[in-house]
Structure formats: structure tokens, C-alpha cells
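# Breakdown of the fold
The chain contents come next:
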Amino acid sequence: MHKYYIVSVFALLLNLSTFSASAESTRDSIGVENHNGKKLIVHQVVAKDTYYSIARRYNVSPKDIMTYNDSKFLQIGVIVKVPTNVPFNSTVTPPGKTGKAQVTTPAAAVATEGGLTEHIVQKKENLNMLAEKYGTTVNEIKRVNNLNSINLQIGQVLKIPGKPAEQEPVQTAQVPVVQPRKEETPVKTSIPPENRYKKPEQQPAKKEAAQEKPQELVVHTVASNETIYSIATTYKMTMDQLKAKNNLTDNALHVGQKLLIRGQYPVKGAYTPAESSADTLKSIKDPALRYPASRYGLNQVDEKGTGIWIADADLDPSKMLVLHRTAPIGTVMKITNPMTNRSTFAKVVGKFTENESTKDVIIVMTKAVADALGALDKRFYCNLTYGGQDNEQ
């Protein structure tokens, strides 16, 4: 009796170990994938698994498994993939096992007995997606797997009733044929060929709006006790502005001097001496037979030429003084600037000698005379009028 009991217990333990080994063998290898035409075994880590034991189990190199899985840490339930050199289309016989060959199935879904399919939960999958994929319901999946919630973990193995739904062929959308757009007939214009590539000229604005009103001419006559500062203050100008407006180099002023405040003097054309009219009377051409002008009561002398103003130590620049080649000392002559149409009177105080600066000039004057004439340059064209000498005996 005891012997029978011992034999029964031993047989029971043997069956349990066989069942445990079979369960362990079905649990660790959960699928096969196609990796570049080679079989890639999907293995779920069980207790006491190492890279070395897994390599021995599938007859591969431990280094290949570690390299493919980035040497991830092994713990129970972790999924590792074992690369092999076995063609994917061939059948797989688990190492250490004998019997019929098993046909490989996709890693995510492995068919089992009883109409159930084992599915490995992938990233971003949930129960609704799996129920729709396998043609079942969420409650049915929860019932089969004894789930209390809808939360899933990546790598979790689920038993799902039903088969994966076949993927429908992708329908290519019909792209409507777009008819080429007909080119519009260009509108013919009456533009001449020579002006076809010219930019259209902008229409000028109305002359009344475009033309600005000329600034009013304001000229100030210097009175006694007036200075550059007082005049500039009166007209709300700076001293530099006033001096630049009138080409002044210093602050010296004299009574009667004209200062330009606003506007500009009227621009006149270049002065050209009038051509002598034709001698219609056919006067006598012999100079010896002509009488002096003083014979008829005309002793005025008119000269036209270039004048120059200089800063000489012997000449007071603030006085109206001039030097002339032939006019007697003490002669008061009238000097006119045809460019500004301004005239003034100055006294001859001597004669000037010809040098590089006074070459080809008819008169030398002080700066006060030049300022009174409104001269803009040091050399300028001028007209002289003064009384001539009576040569009659």
C-alpha cells in the first residue's frame, strides 16, 4: 500500500514538472518576425534567464543577442529578440524539442488552441483598438484575461477571442484631371513698338500744387550801432547763418550795408557788353580830326572790366577806398556790379602796381566796397563812372 502511494506521488510530481516545462517552453518563445528574410525569434524572459542561456537555447551567439537588444537589463516579462540565420519561410522546431514542425506566426499575434489568439501589446495600443482589430468586444477581452481595468502595458500578452481582421486594400483616390488653363488673348493696345519697353511716365502733379511759393526777399540795411548779433537776433537767425547768407568772413559791418535775410537776389544773365552800333553817320575815321569830349561839355569817363578786393595794411577795410591806374587821387567814382545791380561810391586814394593778383583788372578796392556791391567772389565784373580830365589848353 505504501509502495503504491509513493509511486503515485512520484508520477504526479513527474506530470507537474512536465506540465511546468511545457508551459515554460510556450511562454518564453512567443513569436517569430521577419528580419531581412531571416527569422527573428521573440523571447519573453522567465526566471533565471541570461543572455548566455537564451543563446544556448536558440543556438546563437550571446554577443549577437546583446548587440541587437542594446544590452538591455533582463527581468521577468521583458521581451528580447533573438536574430538567427534561418530563412523566414522555413518552419521552426524549438531547440531541445522533438515532434512536428510549427509554422511561424507574426510576433504580435500567435494563434492558440480554443479559438484564442495571443497578442503582445505594442506601443499606443488599447482595448478598443484590439477589439476592433479582432472582431470582438472590450468586455470579452477583459473576461478572458481576468482584467479589472482597461490599462495595458507594452509587452503584455493577451489572449483574444477571434482572428485579426483582414486589412482592406487601400483605395487610391482618383485625382481629378485638371484641364490646362487656356491662355488669355492679350488685349491689343495702341502702344508704338518703339515705346513698348519704356516705363510709363508718371503724370506730373498739378502745377499749382507742385510749385512752391518763392520765399519772400528780405534785405536789411545796416543802421548805426547795429551788430551781426543784434541783426541775427531780430530775424531769429544765428550769426553763422547770417554770415553764410551774405558771404561774410568776419563780424565787421558799416552803416548802409545791405544784408540778405531771406530769399535770393533775382538771378540775371551773364553780362555781355553791348556791341557798338554801326556807324551810320560815317564819322571821320582819322583820330586826329576828333575833338575831346570836354569840348561838348562831356567829361565823364566810363570803364568796364574786372575788379578785385584785397586786404591791404595800408587800406582801412571798413572805408570806401579804391586804387586806379589813371584816375587822379581824390576822384570819387561810381562803381556798379551788374550781377547784383548794386552801386556805390568810393574815393581814389592811389594807384596800384600790376602783379599776379592785380593782372588784367581795372580797379582794386577794399572789402567794404565789395560788400556794398554784393560781390560773391573776390574777382567780379564791374562798371566804373568818373569825371575825366580836361585836356584842352
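Below: a short report on this structure. (Residues numbered from 1 in each chain as written. Predicted model: local features only at pLDDT ≥ 70, side-chain atom pairs only at ≥ 80, totals over all residues. Heavy atoms only, no water.)

### Describing the layout of surface pockets
This is how the line gets drawn: With a 1 Å grid spanning the protein atoms alone, the term cavity applies to any set of points in which a 1.4 Å probe fits but cannot get out, the term pocket to an open set with protein on both sides within 12 Å along at least five of seven lines, and the term lining residue to any residue with an atom within 4 Å of a point. Grid points are joined across faces, edges and corners, and a volume is the space filled by probe spheres set on the points. Working definition: helices are DSSP H or I runs of at least four residues, strands are E runs of at least two. Numbering for both runs from the N terminus.
By volume, the second largest pocket is sized at about 540 Å³. For the second largest pocket, the lining is made up of 25 residues, of which Y265, T340, G374, A375 and L376 are closest to its centre. Secondary-structure elements contributing two or more residues to the lining of the second largest pocket are β8 (258-262) and β14 (379-387).

### Brief notes about the packing of helix α4 (residues 127-134) against helix α5 (residues 138-145)
Under the convention used in this document: To get an axis, a line is fitted to the C-alpha atoms, and for a helix only the part in contact is used. The angle between two axes follows their N-to-C directions and goes from 0 to 180 degrees. An angle below 35 degrees is treated as roughly parallel, one above 145 as roughly antiparallel, one from 65 to 115 as roughly perpendicular, and anything else as oblique. We call two residues in contact when some of their heavy atoms are within 4.5 Å. Throughout, the ten residues Ala, Val, Leu, Ile, Met, Phe, Trp, Tyr, Cys and Pro are labelled nonpolar, Asp, Glu, Lys and Arg are labelled charged, and all others, Gly among them, are labelled polar.
At their nearest, the axes of α4 and α5 sit 8 Å apart, and the two run at 100 degrees to each other. In terms of axis orientation, α4 runs roughly perpendicular to α5. Contacts between α4 and α5 pair L127, N128, L130 and A131 from the former with V138, I141 and K142 from the latter. Residues that form the contact of α4 with α5 fall into these classes: five nonpolar, one polar and one charged.

### Observations concerning the nonpolar core
Where we set the bar: Take the buried residues of types Ala, Val, Leu, Ile, Met, Phe, Trp, Tyr and Cys, join any two whose side-chain atoms come within 4.5 Å, and each joined set is a nonpolar core. Residue exposure (1.4 Å probe, protein chains only): buried if accessible area is under 20% of the type maximum, exposed if over 50%, otherwise partly exposed.
With 18 residues, the main nonpolar core has V322, M333, I335, I363 and M365 as its most contacted residues. At the level of elements, β11 (332-337), β12 (342-350), β13 (363-365), α9 (367-372) and β14 are the ones that each hand at least two residues to this core. Per element, the largest residue contribution to this core is four residues, and it comes from β14. Excluding residues that lie within four positions of it along the chain, M365 makes contacts with G307, I308, W309, I310, L321, V322, A370, L373 and F380.

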